[in-house]
Amino acid sequence: MNTSLFNGLFFLLLVLLTLGLFACESGPESPKGFSLPQGDIAMGETTFLKYQCLACHTLDGVEDESVIKVFEQPVRLGGRYSIVKTYAQLVTSIINPSHKLAPRSIHLESVVTEDGLSKMPIFNDVMTVTELVNIVAFLQPKYKVKPMQYTQYHHYHIP
Ligand code: HEC
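Just so you know, these numbers come straight off a predicted model, no measurement behind them.

## Observations concerning a nonpolar patch on the surface
In step 1: Taken together, the side chains of L5, L9 and L12 present a nonpolar region at the surface, about 280 Å² in accessible area.
In step 2: Examined against the element boundaries, L5 turns out to sit in helix α1 (residues 3–25).

Okay, here's the thing in structure tokens:
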């Protein structure tokens, strides 16, 4: 391939990538402007155990012998190959589990209901927002997702 054609294609690729980025950034459905307060990782682990997430999940470095396992093949949380790639997706997968099923679970019939919904319970009526924020803070580093831009609180100076 000659250099100018290569350069042309490379430029085109850059333009497409840029457009792709902007496409995700705009529109009422975009997660732009979404922000939760900074969570407490240690409290997040406590909450993770409290709601017995390990009944259906595995998470590297976290065990709880007292929990009764629901699935023969639990859904692994964290790691590189999960569908969850952003902070917003991590929050979504907890407050709206059927929104997008983890790719591996599509093969595991037993983790979805006959209607194709996630068997993951909806915790929204029992889990407080603080607990959610803490759980997400705890899980986020296990996912290698891009860290969230937290709300910056500035001190107001009254002149
Ligand atoms: C009764 C079983 C069950 C329990 C309990 C459960 N989950 Fe799930 N969860 C699932 C199933 C099944 C999936 C995979 C299908 C899907 O994506 O919804 C899933 C998916 C997820 C995902 C996305 C997985 C990925 O990597 O893409 C996250 C994050 C998650 N669960 C967090 C939690 C947390 C946090 C708790 C505890 C508060 C919890 N789950 C409790 C069944 C469960």
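## Comments concerning the nonpolar core
In step 1: Within the largest apolar cluster, 22 residues are counted, with the highest numbers of intra-cluster contacts made by F48, L59, I94, M127, V136 and L139.
In step 2: Among the elements of the structure, α3 (87–95) and α5 (129–143) are those that each provide at least two residues to this core.
In step 3: Counting residues per element, this core draws most heavily on α5, which supplies seven residues.
In step 4: Setting aside its immediate chain neighbours within four residues, L59 contacts F48, L54, L77, F138, L139 and K142.
In step 5: Counting seven residues, the second largest nonpolar core, distinct from the first, contains A55, V67, V75 and V112.

## Notes on the pattern of salt bridges
In step 1: Per the stated rule, a full pass over the model turns up two salt bridges.
In step 2: Salt-bridge contacts for K50 lead to E131; the nearest nitrogen and oxygen are separated by 2.6 Å. Residue K50 is located in helix α2 (residues 41–50), and its partner E131 is located in helix α5; the two are separated by 81 residues in the primary sequence.
In step 3: Assessed through its relative accessible area of 52%, K50 is described here as exposed.
In step 4: Between R76 and D60 there is a salt bridge, with its nearest N and O atoms 3.2 Å apart. With a gap of 16 residues between them, R76 in strand β2 (residues 75–76) and D60 in the loop between β1 (57–58) and β2 connect regions that are remote in the sequence.
In step 5: The class for R76 is partly exposed, based on a relative accessible area of 40%.

## So, the coordination of the iron atom of the ligand
In step 1: Summarising the metal site, the iron atom of the ligand is bound by the protein donors H57 (NE2) and M120 (SD), whose distances to it range over 1.9 to 2.1 Å.
In step 2: Considering all six donor atoms around the iron atom of the ligand, angles at the metal cover 87 to 179 degrees and the coordination shape is octahedral. One end of the pair, H57, is in strand β1; the other, M120, is in the loop between α4 (103–107) and α5, and 63 residues separate them in sequence.
In step 3: A residue is classified by how much of its surface remains accessible, and M120, at 25% relative accessible area, is partly exposed.

## Some details on α5
In step 1: Helix length check: α5, at 15 residues, gives a terminal C-alpha distance of 21 Å against a target of 21 Å (1.5 Å per residue), a fit within 8%.
In step 2: Residues of α5 that are buried sit in contact with α2 and α3.
In step 3: Looking one or two residues beyond α5, the residue adopting positive phi is K144, at roughly 55 degrees.

## Notes on the site of the ligand
In step 1: Not every one of the 30 residues close to the ligand is listed here, only the nearest: C53, C56, H57, M120 and Y143.
In step 2: At 2.7 Å, a side-chain N or O of S118 approaches an oxygen atom of the ligand.
In step 3: Those elements that place two or more of their residues in the shell around the ligand are α3, α4 and α5.
In step 4: Residue composition of the shell around the ligand, grouped by class: 21 nonpolar, six polar and three charged.

Criteria and cut-off values
- Residues numbered from 1 in each chain as written.
- Predicted model: local features only at pLDDT ≥ 70, side-chain atom pairs only at ≥ 80, totals over all residues.
- Heavy atoms only, no water.
- Patch = residues over 30% accessible without salt bridge, like charges linked within 9 Å, V, L, I, M, F, W, Y side chains within 5 Å.
- Areas by Shrake-Rupley, 256 points an atom, 1.4 Å probe, with all protein chains shown as cover.
- Salt bridge = Lys/Arg side-chain N within 4 Å of Asp/Glu carboxyl O.
- Helix = DSSP H or I, 4+ residues; strand = E, 2+ residues; numbered from the N terminus.
- Core = buried A, V, L, I, M, F, W, Y, C linked by side-chain atoms within 4.5 Å.
- Buried < 20%, exposed > 50% of the residue type's maximum accessible area, 1.4 Å probe, protein only.
- Contact = heavy atoms within 4.5 Å.
- Donors = N, O, S within 2.8 Å, 3.2 Å for Na, K, Ca; no water.
- Tetrahedral: all angles 85-135°; square planar, octahedral: opposite > 155°, others 65-115°.
- Expected span 1.5 Å × (residues − 1).
- Near = heavy atom within 4 Å.
- Polar contact = N/O pair within 3.5 Å; in protein donor to acceptor, adjacent residues only side chain to side chain.
- Nonpolar A, V, L, I, M, F, W, Y, C, P; charged D, E, K, R; others polar.

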